Amino acid sequence: MRALTVEEARQREADLSLRSYEVSFDLTGEGDTFATSSRIRFDATSTSTWVDVKPERLIAVFLNGQSLDPAALDGGRFPLTGLKAENDLVVTAELKYSADGEGLVRSVDAADGRVYTYGMSSLESAPRYFPCFDQPDLKAPYTVTVKCPEDWIVLGNGAATRTAPGEWTLAETKPLSTYFVTLVAGPYHQLRDEHDGIPLGLACRQSLKEYLDRDAEDLFRTTGEAFDAYHQLFRARYPFGEYWQVFVPDFNLGAMENPGCVTFTDGLLYRGQATEAERSTRARIVVHEMAHMWFGDLVTMKWWNDMWLNESFAEYMAHIWRRTSTATPTCTSSSRSSPRPARKGSTVGWTNGCGPRAWTRSRSSVRTPAPSCTGRARTRRAGCTS
């Protein structure tokens, strides 16, 4: 299928302004496919564009109430012509579960036969599980509904509510790029906590729950300390509501910074006694992914050629923590220390414990790379969008 070029992306971004997505998933089938419908409301200044979808079968397309021929699909692109200033697009498709870590992944746990699913949209995998305008600078709020087996739970970018047996709704999100939209559904084991008014959650498959339960206190502590540090450093509150960290099977990356629902490889739930280096690496990954909530998710690159800055900034933040935390031994599940409050005015806020520890440099001596824009008022400047 043809890849999107930067010239095509620039033209489509100039032509369209997205208002909202309403995406519904039906995961109740027993085969290797599922059904998805996307309703996209958008404004247009041109008369034509295309929507991205990579289905097993395109069932129906309606543009402003008019039925279009599904046979027009060509290489993952469905052409849209006769656009108006305001448009309402509904695309319904049957899509295939993924086994390669991209799209909507379906994994069967060999330990107990339970089935787990999760969405991986980066870099260009979103059209493999929902129709969309797939490029980083076309953001919109999402509302998601899901039908699934009754013993499953659902998580995603918005707070999940069970509305009926086997039916869930995810609350409307902030404007999101397609590449960090996610859906997690299955009989996951869950743990909940709260820090500074932010609902926190951890989840994994049932066969690994003893390992998540064992490390939950350390993971929640690391998460809370990182939030405190970033709130102080960025001077902006975390904007995406709940914060779930889900350890998923068959993941082909270490982690993915989906707003509100970060996914990690469940290889980071150590089955045996973890070494200090292993625990330090996992905490660094947690800190790295959280940095993306501001730098990458809230403020997002306009095109992939700025991915280096997105990733290098998050890694920079994680390595600052790693360097400044090496003086304090990493705690284990049987030996935990209480967090020590950071001194006001003298640090950027990470304390001791199992997560980010004391940053001994003053605010004036810690420098972070500045993005080419930092907020909604600068979204038209080169390099990023929000």
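For clarity, every value in this text was computed on a predicted model and none was experimentally measured. Counting from 1, residues in each chain are numbered in the order their sequence is written. Only residues with pLDDT of 70 or above have their local features reported here, since the model is predicted, and side-chain atom pairs are shown and tallied only from 80 upward, although totals for entire chains, interfaces and linings are computed over all residues. The side-chain figures draw on all heavy atoms in the structure; neither hydrogens nor water molecules are used.

Enquirer: Looking at this model, I keep getting lost on the pairing of strand β2 (residues 33–44). Mind explaining?
Expert: Successive side chains on a regular strand alternate, one facing one side of the sheet and the next facing the other. Two strands qualify as a pair provided DSSP detects at least 2 bridges between them. In DSSP terms, a helix is any run of H or I states spanning at least four residues, a strand is any run of E spanning at least two, and both are numbered starting from the N terminus. Here strand β1 (residues 16–26) runs beside β2; their pairing, made up of 10 bridges, is antiparallel. Note that in β2 the partner of S17 across the bridge is D43. Linking two consecutive strands that pair antiparallel, namely β1 and β2, is a turn of 6 residues. With 11 bridges joining them, β2 and strand β7 (residues 86–96) adopt antiparallel strand pairing. Each residue of the ladder has a partner; that of A35, found in β7, is E94.

Enquirer: Can you help me understand unusual backbone geometry in this one?
Expert: Omega for the peptide link from S122 to L123 comes to -10°, which places this bond in the cis form. Of note, the phi angle at R235 is positive, near 55°, even though the residue is not glycine. With respect to the helices and strands, R235 occurs in the loop between α2 (209–234) and β17 (243–248). Burial here depends on accessible area, computed with a 1.4 Å probe over protein chains only, as a share of the maximum for the residue type. Under 20% is buried, over 50% is exposed, and the range in between is partly exposed. Residue classification places R235 among the exposed residues on the basis of a relative accessible area of 65%. Unusually for a residue other than glycine, D250 sits at a positive phi of about 55°. Given the relative accessible area of 56%, D250 is considered exposed.

Enquirer: Quick question: what am I supposed to make of the confidence of the model for the protein chain here?
Expert: The predicted structure's coordinates, where accompanied by low pLDDT, should not be read in detail. pLDDT measures the predictor's confidence residue by residue and takes values from 0 up to 100. Averaged over all residues, the pLDDT of the protein chain is 87; the fraction at 70 or higher stands at 83%. Within the model, pLDDT remains below 50 along residues 326–382, and this stretch shows 126 contacts once partners closer than five positions in the same chain are excluded. Two residues form a contact once any of their heavy atoms are found within 4.5 Å.

Enquirer: How should the pattern of salt bridges be read in this particular structure?
Expert: If charged atoms from side chains of opposite charge come close, those side chains can pair. Salt bridges are defined as contacts in which a side-chain nitrogen from Lys or Arg sits within 4 Å of a carboxyl oxygen from Asp or Glu. Under the defined criterion, the tally for this structure stands at 22 salt bridges. A salt bridge links D43 to R19, with the nearest nitrogen and oxygen atoms 3.0 Å apart. With D43 in strand β2 and R19 in strand β1, this residue pair connects regions lying 24 residues apart in the sequence. Classification of R19 as partly exposed rests on a relative accessible area of 37%.

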